[in-house]
Amino acid sequence: RSVYDGEEHGRFMEKLEARIRNHDREIEKMCNFHYQGFVDSITELLKVRGEAQKLKNQVTDTNRKLQNEGKELIIAMEELKQCRLQQRNISATVDKLTLCLPVLEMYSKLREQMKSKRHYPALKTLEHLEHTYLPQVSHYRFCKIMVDNIPKLREEIKEVSMSDLKDFLESIRKHSDKIGETAMKQAQQQRNLDNIVSQQPRISGGKKAKREGCAISELEVKTTSPMSEQDSGILDVEDEDEDEEVPGAQDLVDFSPVYRCLHIYSVLGARETFENYYRKQRRKQARLVLQPPSNMHETLDGYRKYFNQIVGFFVVEDHILHTTQGLVNRAYIDELWEMALSKTIAALRTHSSYCSDPSLVLDLKNLIVLFADTLQGYGFPVNQLFDMLLEIQDQYSETLLKKWSGVFRNILDSDNYSPIPVMNEDVYKKIVGQFPFQDADLEKQPFPKKFPFSEFVPKVYNQIKEFIYACLKFSEDLHLSSTEVDDMIRKSTNLLLTRTLSNCLQNVIKRKNVGLTELVQIIINTTHLEKSCKFLEEFITNITNVLPETVHTTKLYGTTTFKDARHAAEEEIYTNLNQKIDQFLQLADYDWMAMEPSSKASDYLVDLIGFLRSTFAVFTHLPGDVDVHSTMSGKVAQTACMSACKHLSTSLMQLLLEAEVRQLTLGALQQFNLDVEECEQFARSGPVPGFQGDTLQLAFIDLRQV
């Protein structure tokens, strides 16, 4: 650093160069001194190489001569050695073969047993070979090979038996559908026998309800009834199969592979491994079985196949539980059943929600009941399935309501809203048989005669009964008490009356093209349907055997439904009359500046009065109250007449006082007075009987004063 810090850098570099030159000269001297010795050594080495080559050639020649001379001797010695070795081996083989033959025979027997798939005897032979025969000849190589192969043979037996088990598992997976089908068929046969036994003591029960149902007309059964007599149970066993013995699970599936495999694994000390494998595989199969097809809801066969597979699975497991000692236990079965129950209920809730056909829902209910009864027969708890059926019952009621809504619409749309004509006694009895109607005066009248109601009354009444029958069908085999069945039917019927039928009636009443004649007939029809509600109460009581006086019995709300419909029809009559009056008043063309009046009332008013007279004549058959038919004294007719007169008076008042009429002549007032007198004359004539004194004329009092 001092060199770099000072000014002696150049001097330092000169001395360094001089020092390097000195070292180079010393190195050169040293190399020159040793070079001559190196050259001499190379020269000596070349001379030695030549001598070594000569010596090598001489040794090679000598060795070749020696080999040629001793070749024959070596061949003879080798032949002698081989002969003596073979002689000694043959002697030893003869001496020991008697010891080895039993071992070989036993091993051959083992192989033969394994080839014929007699695995358990093969396992016993293997044990005997290992502990009795092989120790006597254990020093031989083939015995050591056998000893080494014994674990492999055991594994082979395990693998072969496991292969048989896998085939068995595959077999029961394929046969689960058939096993479940036969099990459910057995349950169906048993249930049919139980029903026959239970129905014999009460063979005459329910005849009254059946007689009422038989009164439904043949035409209605064919055209309007959504639940006809052809709704037979989809699970009925065929006649030719009733006398045949239905095979059980053991007759459809060979369980011997699982028994052999269990025994082999038990002998080999691997029973726990086998149990775990079997249960694991069956759990996997259970999950596959419980996975419903995506289109299961489309047909009943989809549900049936799904249930058959589940029943088949658990029938097999129940058989395994009772025929093996501990391969499966009750806790394992209960765990699988809990999983299956939850998944099955979830799948049914999902897929049944897509069903819009009440017949399919009813068939599904019957199938679920049979499914539950079948598994209950094997000891599985099924209360949750019946609870779920109560949920499906609500959906069934909704599908019924939708279907009957269409039925009611068809009936109401096809009705002519005219009293039913009766030409002879047979037709009269037929209609009386369909609808509970009694009228002594009508019975005394000669033929032809007419019922006061139109055709939709007996049709609607019978469809309500059909609905009740449809609800009753769903409650069968649900293990419900009579009170619960009665309550379910009454609640569903109330929904039918207050929602479905009420909406249909309201829609008919509110239609634009409905006439006053139709509205009057609707009032008459709803009056008779209201009176029939007590007979519907009796009908439900007869089929459920629950008296209406029973505590918590639900009452039918049909009376309210028909009253509301009647009131709506009355309001529609009032509205229609007022609209007709407005239409006539639009034709009014008063000349408020006329000098002389005409000799009669205005033409539009004469036409209006004529219309009102003919309209109120239609009310001839309108009932005065629920029980008595009065010719023209009905409250509805009186109210309609009073409403029409008041509306006419008010409208004429508005014509006289409207802003456009700024002045008028005496002749115009006299003409208007003629029109008012025409109105008063109409009121005095009593178009609707029942008004006291001049009550109807009071509607025009304000107009007269003006």
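Scroll up to find the structure this text is about.
Residues numbered from 1 in each chain as written. Predicted model: local features only at pLDDT ≥ 70, side-chain atom pairs only at ≥ 80, totals over all residues. Heavy atoms only, no water.

Here we look at the environment of Pro448
Then, number 1: Tracing the backbone through its elements, the reader meets Pro448 in the loop between helix H16 (440-444) and strand E2 (449-450).
Then, number 2: Each C-alpha atom of the pair Pro448 and Glu425 lies 9.4 Å from the other, and the pair is 23 residues apart in sequence.
Then, number 3: Other than its neighbours up to four places away in sequence, Pro448 contacts Val422 and Met423. (Helix = DSSP H or I, 4+ residues; strand = E, 2+ residues; numbered from the N terminus. Contact = heavy atoms within 4.5 Å.)

Structural notes on the packing of aromatic side chains
Then, number 1: For the coordinates displayed, the defined rule picks out 20 aromatic pairs.
Then, number 2: Ring centres 6.3 Å apart and planes at 80° place the aromatic pair Tyr428 and Phe447 in the edge-to-face group. In this pair, Tyr428 is assigned in helix H15 (residues 425-434) and Phe447 in the loop between H16 and E2, connecting sequence segments 19 residues apart.
Then, number 3: Judged by its relative accessible area of 30%, Phe447 falls in the partly exposed class.
Then, number 4: Lys449 extends its terminal NZ or CZ atom over the ring of Phe447, reaching a point 4.4 Å from the ring centre. (Phe/Tyr/Trp six-rings, centres within 6.5 Å; stacked < 30°, edge-to-face > 60°. Buried < 20%, exposed > 50% of the residue type's maximum accessible area, 1.4 Å probe, protein only. Lys NZ or Arg CZ within 6 Å of the ring centre and 35° of its normal.)

Some details on helix H9 (residues 256-267)
Because each turn of an α-helix spans 3.6 residues, side chains separated by three or four positions in sequence point in the same direction.
Then, number 1: Between its first and last C-alpha, H9 extends 16 Å over twelve residues, near the 16 Å set by a 1.5 Å rise per residue.
Then, number 2: Along H9, the residues that are buried comprise Pro257, Val258, Cys261, Leu262, Ile264 and Tyr265. One side of H9 holds all its buried residues, which, seen down the axis, span an arc of 165°.
Then, number 3: Directly after H9, the chain includes Gly269, whose backbone phi takes a positive value near 75°. (Expected span 1.5 Å × (residues − 1). Arc of directions from axis to C-beta.)

Let's talk about helix H17 (residues 456-475)
Then, number 1: With 20 residues, H17 should reach 28 Å at 1.5 Å per residue; the first-to-last C-alpha distance of 29 Å fits that figure.
Then, number 2: Most of H17 sits inside the fold, with 19 of its 20 residues counted as buried.
Then, number 3: Positive backbone phi, at 65°, marks Asp477, one or two positions downstream of H17.

Things to note about the side chain of Asp318
Then, number 1: Mapped onto the secondary structure, Asp318 falls in helix H11 (residues 300-323).
Then, number 2: Here Asp318 is buried and forms no salt bridge, its nearest opposite-charge partner Arg330 lying at an N-O distance of 4.4 Å. (Lys, Arg positive; Asp, Glu negative; His and termini not counted. Salt bridge = Lys/Arg side-chain N within 4 Å of Asp/Glu carboxyl O.)

Brief notes about the packing of helix H14 (residues 383-414) against helix H18 (residues 482-509)
Then, number 1: Close contact between H14 and H18 brings their axes to 9 Å; oriented N to C, the two are set at 35°. Seen along the crossing, H14 lies across H18 with a hand that is right-handed. In this structure, H14 uses Gln393, Ser397, Glu398, Leu401, Trp404, Ser405, Phe408, Arg409 and Leu412 to contact H18, whose residues at the interface are Met488, Ser492, Leu495, Leu496, Arg499, Thr500, Leu501, Cys504, Leu505 and Val508.
Then, number 2: The class makeup of the residues in the contact of H14 with H18 is eleven nonpolar, five polar and three charged. (Axes fitted to C-alpha atoms, helices over the stretch in contact; angles between N-to-C directions. Left-handed = near helix turned anticlockwise from the far one by under 90°. Nonpolar A, V, L, I, M, F, W, Y, C, P; charged D, E, K, R; others polar.)

A word on the packing of helix H19 (residues 516-531) against helix H20 (residues 533-544)
Then, number 1: At a minimum axis distance of 4 Å, the contact between H19 and H20 shows a crossing angle of 35°. From H19, Leu529, Glu530 and Lys531 reach across to H20, where they touch Cys533, Lys534 and Phe535.
Then, number 2: Looking at the contact of H19 with H20 residue by residue, the class counts come to three nonpolar, no polar and three charged.

Some remarks on a nonpolar patch on the surface
Then, number 1: Taken together, the side chains of Tyr35, Phe38, Val39, Ile42 and Leu46 define a hydrophobic patch exposed on the protein surface, amounting to about 500 Å² of accessible area.
Then, number 2: Within the fold, Ile42 resides in helix H2 (residues 9-115). (Patch = residues over 30% accessible without salt bridge, like charges linked within 9 Å, V, L, I, M, F, W, Y side chains within 5 Å. Areas by Shrake-Rupley, 256 points an atom, 1.4 Å probe, with all protein chains shown as cover.)

Notes on unusual backbone geometry
Then, number 1: At the junction of Phe447 and Pro448, the peptide bond is cis and its omega measures out at -5° in the coordinates.
Then, number 2: The phi dihedral of Tyr417 is positive, around 50°, even though this residue is not glycine.
Then, number 3: Tracing the backbone through its elements, the reader meets Tyr417 in the loop between H14 and strand E1 (421-422).

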